[in-house]
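Survey of secondary and tertiary structure
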Amino acid sequence: MKFGRVIARACKSRGVSHSELARRLKVSQPRVQEIIKSPSITEALFRRCAKALGMEVHVELRRRP
């Protein structure tokens, strides 16, 4: 899973531009573009982005059947 793509889709679904996300994260707009294009980001950064978008991250592990 490419988490940058997940963030991009979340921005779109929440009606938040990349510029607005950058403002909320207190980073530059080019940095948001880097995050979105990155093949992997840290869990902490993913959670920060989710929070900035008014969302939560849930991780669940289940036993395989």
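One numbering rule holds for all chains: residues counted from 1, following each sequence as written. The predicted origin of the model limits local features to residues at a pLDDT of at least 70 and limits the giving and counting of side-chain atom pairs to 80 or more, whereas totals for whole chains, interfaces and linings rest on all residues. Side-chain descriptors were evaluated using all non-hydrogen atoms of the structure, hydrogens and water having been removed beforehand.

Here a salt bridge means any side-chain nitrogen of Lys or Arg lying within 4 Å of a carboxyl oxygen belonging to Asp or Glu. For the coordinates displayed, the defined rule picks out five salt bridges. The salt bridge partner of E20 is R23, with a shortest N-O separation of 2.6 Å. Of this pair, E20 and R23 both sit in helix α2 (residues 18-25), three residues apart, which is roughly one turn of that helix. Each residue's exposure class comes from its accessible area (1.4 Å probe, protein chains only) as a fraction of the maximum for that residue type: buried when under 20%, exposed when over 50%, partly exposed otherwise. On the basis of relative accessible area, E20 is assigned to the partly exposed category, the value being 22%. On the accessibility criterion, R23 (55% relative accessible area) is exposed. R31 is the partner of E34 in a salt bridge, and the nearest nitrogen-oxygen pair spans 3.3 Å. One end of the pair is E34 and the other is R31, both in helix α3 (residues 29-37) and three residues apart, which spans about a single turn. Ionic contacts of the salt-bridge type, sharing partners, join the residues E20, R23 and R24 into one network. Secondary structure is summarised from DSSP: a helix means a run of H or I of at least four residues, a strand means a run of E of at least two, and numbering begins at the N terminus for each.

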